[in-house]
Amino acid sequence: MNPKFNQMFEQVSLPTGIILKNRIVLAPMTHMSSNADGTISDAELAYYARRTGGAGMSITAVGHVTETGIGFPAQFGVYDDRFIPGLKKLAETIKQQGSVAVLQIFHAGRLTPEQAVPAGQVVAPSAVASERPGSPEPRELTDAEITSIIKDFGEATRRAIEAGFDGVEIHGANGYLIQQFFSPHSNRREDRWGGSVEKRLTFPLAVVDEIQKVVAEHTKLPFIIGYRFSPEEPETPGLTMEDTYLLVDALKDKNLDYLHVSVNEFWSKPRRGEADTRSRMEFILDRVNGKLPVIGVGSIHTADQAAEALQTGVPLLAIGRELIIEPDWVEKIESGREEDIETILTKSDQERLVIPDGLWNAIIHTPGWFPMAEDK
């Protein structure tokens with residue numbers, strides 16, 4: 001292996017005591033390939049078996065914690081015990097490859113497709129539609145419903161424990177329900193769940209507390225709890241970097257195992273509110289100040305790009321689209337074959353790369369999502 005990549009293969013000890021064999025994480029990537037009843041499919045298991053051998057930790061695509069919290073077609077559920085057998089197969093598949101297995105969990109909130117829920121009953125903190133085209137106006141959740149959803153996150157965590165996962169990642173990013181409660185755009189409430197920025201933090205922190213309580217009750221083994229967040233929103237009003245610093249400050253005191261920053265580009269700069277030219281990732285690293293590990297992510301394709309990103313001091317680096325294009329990315333770097341890494345798909349790659357139909361169809365029909373070349 002080229003010595004300049006040595007840092008990538010250093011072990012990382014998480015606060016809970018679990019040790020990762022290297023600094024590379026398989027990012028959570030939506031693949032829309034579960035069975036029609038929400039159970040894990042054989043295609044999903046094959047997909048993970050093909051690309052989790054190199055990563056120190058692998059985070060699954062997201063599962064919804066309530067039946068009406070679904071976010072995508074052909075998404076797997078974590079809201080009922082009937083899903084545990086399939087989840088167990090998924091955890092085993094990842095761990096057999098030598099990777100630590102983390103289950104990502106969420107509720108889509110106002111981004112739930114209307115056709116996916118009874119009578120189009122899309123719910124959110126407030127009756128404010130997303131600015132995404134075609135978004136419905138959601139129904140405002142009641143206090144009792146909010147409390148119930150918090151419990152649902154705990155129950156999903158219990159199922160993750162029973163299925164043999166090493167941890168869960170709380171998906172508080174990308175505009176879904178947890179972020180909706182924190183955002184001044186989607187949360188216009190004036191009760192205990194909204195108003196000031198401190199009150200808008202109530203729901204996210206309650207979810208963390210519930211999950212930690214369930215973990216303490218249901219396992220004596222080390223169990224990872226991570227939290228993913230988006231640092232800014234484009235909307236006005238919307239989350240700013242200043243809001244994000246308050247979120248980070250609150251999460252730093254919760255004894256989590258890591259924070260996972262959700263951005264499309266690792267080196268992207270703040271939209272507003274910062275005078276200097278550093279990236280959002282660097283600002284967040286400064287704010288965390290080594291209190292817990294941070295996972296960086298965003299358009300990393302080559303070994304050199306990964307090495308440059310790690311030079312910022314970010315402890316862990318998540319690779320998403322590139323591990324779909326090149327499942328042997330980590331192994332090629334480790335064996336000194338980084339020049340052989342593929343960074344472009346061709347239209348004949350699906351079978352070779354073990355990409356499920358749902359994900360492949362999304363790739364083919366979403367121009368610009370993945371770099372595509374003509375068949376060789």
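Described in the following lines is the structure provided in the data block. No experiment lies behind these values; they were computed from the predicted model shown.

Rules used throughout
Residues numbered from 1 in each chain as written. Predicted model: local features only at pLDDT ≥ 70, side-chain atom pairs only at ≥ 80, totals over all residues. Heavy atoms only, no water. Helix = DSSP H or I, 4+ residues; strand = E, 2+ residues; numbered from the N terminus. Buried < 20%, exposed > 50% of the residue type's maximum accessible area, 1.4 Å probe, protein only. Polar contact = N/O pair within 3.5 Å; in protein donor to acceptor, adjacent residues only side chain to side chain. Expected span 1.5 Å × (residues − 1). Phe/Tyr/Trp six-rings, centres within 6.5 Å; stacked < 30°, edge-to-face > 60°. Lys NZ or Arg CZ within 6 Å of the ring centre and 35° of its normal. Pairing = 2+ DSSP bridges. Axes fitted to C-alpha atoms, helices over the stretch in contact; angles between N-to-C directions. Contact = heavy atoms within 4.5 Å. Salt bridge = Lys/Arg side-chain N within 4 Å of Asp/Glu carboxyl O. Parallel < 35°, antiparallel > 145°, perpendicular 65-115°, else oblique. Left-handed = near helix turned anticlockwise from the far one by under 90°.

Quick look at the side chain of T60
Now for step 1: Looking at where T60 falls in the secondary structure, it is placed in strand β4 (residues 57-64).
Now for step 2: We classify T60 as buried; its relative accessible area is 0%.
Now for step 3: In this structure the side chain of T60 is engaged in a polar contact, spanning 3.2 Å, whose partner is the backbone nitrogen of Q104.

Let's talk about helix α6 (residues 202-218)
Now for step 1: Taking 1.5 Å as the rise per residue, α6 with 17 residues should run 24 Å; its terminal C-alpha atoms sit 24 Å apart, in good agreement.
Now for step 2: Here α6 has its buried residues at F203, P204, L205, V207, V208, E210, I211, V214 and V215.

Examining the packing of aromatic side chains
Now for step 1: A complete count under the given rule lists nine aromatic pairs for this structure.
Now for step 2: Summarising the aromatic geometry, the rings of Y79 and F83 are spaced 4.9 Å apart at their centres and angled 70° between planes, so their arrangement reads as edge-to-face.
Now for step 3: Residue F83 is classed as buried on the basis of its relative accessible area of 2%.
Now for step 4: Ring pairs connect the aromatic residues F72, F106 and Y176, which therefore count as one cluster.
Now for step 5: A cation over an aromatic ring shows up here: R278 above the ring of F283, its NZ or CZ 4.4 Å from the ring centre.

Looking at the sheet that holds strand β3 (residues 24-26)
Now for step 1: The strand order around the closed barrel formed by eight strands is β3-β4-β5-β8-β9-β10-β11-β12, and the pairing between neighbours is parallel. Across the sheet, the axes of successive neighbouring strands diverge by a mean angle of 30°, strand direction being ignored.
Now for step 2: The pairing of strand β10 (residues 258-261) with strand β11 (residues 294-297) spans two bridges and is classified as parallel. Across the sheet, residue H260 finds its bridge partner in β11, namely I295.
Now for step 3: Where helix α8 (residues 280-288) meets the sheet, its contacts fall on β9 (224-229), β10 and β11, and the angle it forms with β11 comes to roughly 180°.

What to know about helix α2 (residues 84-96)
Now for step 1: Over its 13 residues, α2 extends 18 Å from the first C-alpha to the last, a length consistent with the 18 Å expected when each residue adds 1.5 Å.
Now for step 2: Along its buried surface, α2 packs onto α1 (42-51), β4, β5 (100-106) and α3 (143-163).

Some remarks on the environment of T66
Now for step 1: Note that T66 resides in the loop between β4 and α2.
Now for step 2: According to the relative accessible area criterion, T66 is buried, its value standing at 10%.
Now for step 3: Separated by 110 residues in sequence, T66 and Y176 place their C-alpha atoms 13 Å apart.
Now for step 4: Not counting residues up to four positions away in its chain, the partners in contact with T66 are Y79, H107, I149 and D152.
Now for step 5: Here the side chain of T66 touches H107 through a polar contact of 3.4 Å, side chain to side chain.

Considerations on the pattern of salt bridges
Now for step 1: Scanning all chains against the criterion turns up 25 salt bridges.
Now for step 2: Its salt-bridge partner being E140, residue R189 comes within 3.9 Å of it at the nearest N-O pair. Within this pair, whereas R189 is found in the loop between α4 (177-182) and α5 (197-200), its partner E140 is found in strand β7 (residues 139-140), the two being separated by 49 residues in sequence.
Now for step 3: Assessed through its relative accessible area of 6%, R189 is described here as buried.

What about the environment of K213?
Now for step 1: As for its position among the elements, K213 is in helix α6.
Now for step 2: Take K213: its relative accessible area is 36%, and that puts it in the partly exposed class.

Regarding the packing of helix α7 (residues 241-252) against α8
Now for step 1: Packing of α7 against α8 brings their axes to within 10 Å, and their N-to-C directions diverge by 40°. Classed by the angle they form, the pair α7 and α8 counts as oblique. As for the relative orientation of α7 and α8, their crossing is right-handed in sense. Residue-level contacts link M241, Y245, V248, D249 and K252 of α7 to R280, F283, I284, R287 and V288 of α8.

Such coordinate-based values are descriptive only and should not be taken to indicate function.
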